Amino acid sequence: MKKTKNRWLIAASAVGIHISIGSVYAWSNFTNPLMEEFGWTAQQVQLTFSIAILFLGLSAAFLGHFVEKYGPRAAGLLAAGFFGAGIIGSGLAVNLGSLPFLYVTYGVLGGIGLGVGYIAPVSTLVKWFPDRRGLATGLAIMGFGFAAAIASPVMESLINSVGTANTFFILGISYLVIMTLSSLYLEKPPVGWAPKGFNEKGQSGKSRIKEDLSQLTANEAVKTSRFYYLWIMLFINVTCGIAILSAAKPLAEESIGLTTAEAAALVGILGIFNGLGRIGWASISDFIGRPNTYTTFFVLQIVLFALLPHTTEAFLFQVMLAVVYTCYGGGFAAIPAYIGDLFGTKQLGAIHGYILTAWAAAGLAGPMFAAWMKDTTGSYATSLTFFSGMFVLALIVSIVIRRDINKLRQQQVSGSKIAG
């Protein structure tokens, strides 16, 4: 009889993949070296990152079915191949001095690896942790959030000692090895598997096991209104959050008068709250429920985004930004568990992939809108007020989705009574 794998080692493998692909958030380490070496503009270099995020969303959507059909191990190995090839190829692009080739390697190949690598372990963890879905997905996605803090100093040191091209080569090989080894341990749980004592607790009445509200395929899920409610909530949370991320440094200088060095240090510290929010909010969602968690995100951010433009006290301003960062990270971490609750685990990876197109759209919309408002009005204050209004819309959606949830739950109860 085949031995069942340790689910905590499955979680550790997921973290290994996410820490590798999450290094994309440390892309800014390459901005100045590439500009200085080739005379490329900041916009040209930044486009590399934007292409990678775009292909993250696209590949997550289009290859979600691959994850479900071939399993997390094959999907993880595919992600390792694409991401490793993308980073190694970036070193070749630097040696050739070719910006278009850099777009293809880091942006397209690396972006495809990002998308597949993001969803493969997460959908698997939901199945291994029916008792603590939020905690499990939060652990993996926390790795993605913290990756920049780990990768940034390593990149900086390597660039200074061996040069930009060799840094890409070293990182590419390292990520390929880490992601391959992590992927080889990934596996779906056996059919009918449950954690020790999980079913017994439910049967004895010691704990109430909440059943998923449905078991839908990805193509069935996209025909429901609740799929689009989730998409809108994630889109608004990411649009407003990523706009703040992209403008945090100049915003802090403009609003509370921090020096450039102080503002840069603040951005680094706030990145930690992004990671903590992923594990913290996802774990909280196991206790208060995903609907309440998302409603809390939006209530908090309506107030915070409305107050931020009028806050000049430095400590309060930084605390408020820290809370926004936790909500931004928490939105990513809680969404896979929310999907599992509403649509089941039959094709969770594919549904998650479709939902992540909201991230791709928000990654373009948020920073561009904040920059346009800055250019038009001379300040970020107006965009923050606008985002506060967007969160009002998100709050309404987070309340409306409960109507669908309650209707499904009533149908579930009625079905149970008939079956009984």
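Rules used in this analysis
Starting afresh in each chain, residues are numbered from 1 along the sequence in its written order. Residue-level local features of this predicted model are given only where pLDDT is at least 70; pairs of side-chain atoms are given and counted only at 80 or more, and the full residue set underlies all totals for whole chains, interfaces and linings. Each side-chain value is derived from all of the structure's non-hydrogen atoms; neither hydrogens nor water enter the calculation. Helix and strand definitions here come from DSSP, where helices need a minimum of 4 consecutive H or I residues and strands a minimum of 2 consecutive E residues; each element is numbered from the N-terminal end. Both definitions apply: the radius of gyration is a C-alpha atom measure, and the globule rule equals 2.2 Å times residues to the power 0.38. Between buried and exposed lies partly exposed: a residue is buried under 20% and exposed over 50% of the maximum accessible area for its type, with that area taken using a 1.4 Å probe on protein chains only. Contact between two residues is taken to exist if any of their heavy atoms lie within 4.5 Å; hydrogens are not considered. Positive residues here are Lys and Arg, negative ones are Asp and Glu, while His and the chain termini are left out of the count. We put the charge of a Lys on NZ, of an Arg on CZ, of an Asp on CG and of a Glu on CD. In this analysis, rings of Phe, Tyr and Trp, with Trp reduced to its six-membered ring, are considered paired at centre separations within 6.5 Å, and the interplanar angle assigns stacked below 30 degrees, edge-to-face beyond 60, and tilted for intermediate values. We count a charge as sitting over a ring when the NZ of a lysine or the CZ of an arginine lies within 6 Å of the ring centre and within 35 degrees of the ring normal. Residue count minus one, scaled by 1.5 Å, sets the expected span of a helix. The reported bend at a residue is simply the angle between two axes, fitted to the 7 residues ending at it and to the 7 residues beginning with it. Definition of a polar contact: a pair of N or O atoms within 3.5 Å, with one able to donate and the other able to accept a hydrogen when the atoms are protein atoms, and with sequence-neighbouring residues admitted only if both atoms are side-chain atoms.

Some details on the overall build of the protein
Here comes step 1: Scanning the protein from N- to C-terminus turns up 16 helices and 0 strands.
Here comes step 2: Its C-alpha atoms give the protein a radius of gyration of 22 Å, within 12% of the compact-globule value 22 Å for 420 residues.
Here comes step 3: The principal-axis extent of the C-alpha atoms belonging to the protein is close to 70 × 55 × 35 Å.
Here comes step 4: By the burial criterion, 53% of the 420 residues in the protein qualify as buried.
Here comes step 5: The contacts of the protein with a sequence gap of at least 6 include a subset with a gap of at least 24, amounting to 84%.
Here comes step 6: When the 27 positive and 18 negative side-chain charges of the protein are each reduced to one mean point, those points stand 15 Å apart.

A few points about the packing of aromatic side chains
Here comes step 1: In total, this model carries 30 aromatic pairs according to the counting rule given.
Here comes step 2: Cluster of aromatic residues (ring-pair linked, three or more members): Trp-281, Tyr-294, Phe-297, Phe-298, Phe-305, Tyr-338, Phe-369, Trp-372, Phe-386, Phe-387 and Phe-391.
Here comes step 3: Sitting over the ring of Tyr-185, Lys-5 keeps its end group 4.6 Å from the ring centre.

What to know about helix 13 (residues 314–343)
Here comes step 1: The end-to-end C-alpha distance of helix 13, which contains 30 residues, comes to 44 Å, matching closely the 44 Å that a straight helix rising 1.5 Å per residue would cover.
Here comes step 2: At Ala-334, helix 13 shows its strongest bend, of approximately 35°, with the proline Pro-336 following within four residues.
Here comes step 3: Burial within helix 13 is extensive, with 24 of its 30 residues counted as buried.
Here comes step 4: Structurally, the start of helix 13 carries an N-cap: the backbone nitrogen of Phe-315 is 3.3 Å from a side-chain oxygen of Glu-313.
Here comes step 5: With its phi angle positive at about 80°, Gly-344 sits one or two positions after the end of helix 13.

What about the side chain of Ser-59?
Here comes step 1: One can find Ser-59 in helix 3 (residues 42–62).
Here comes step 2: Within the structure, the side chain of Ser-59 is placed 3.4 Å from the backbone oxygen of Ile-112, a separation counted as a polar contact.
Here comes step 3: Each residue touching Ser-59, except ones within four places of it in the same chain, is listed here: Gly-64, Gly-111, Ile-112, Gly-115 and Val-116.

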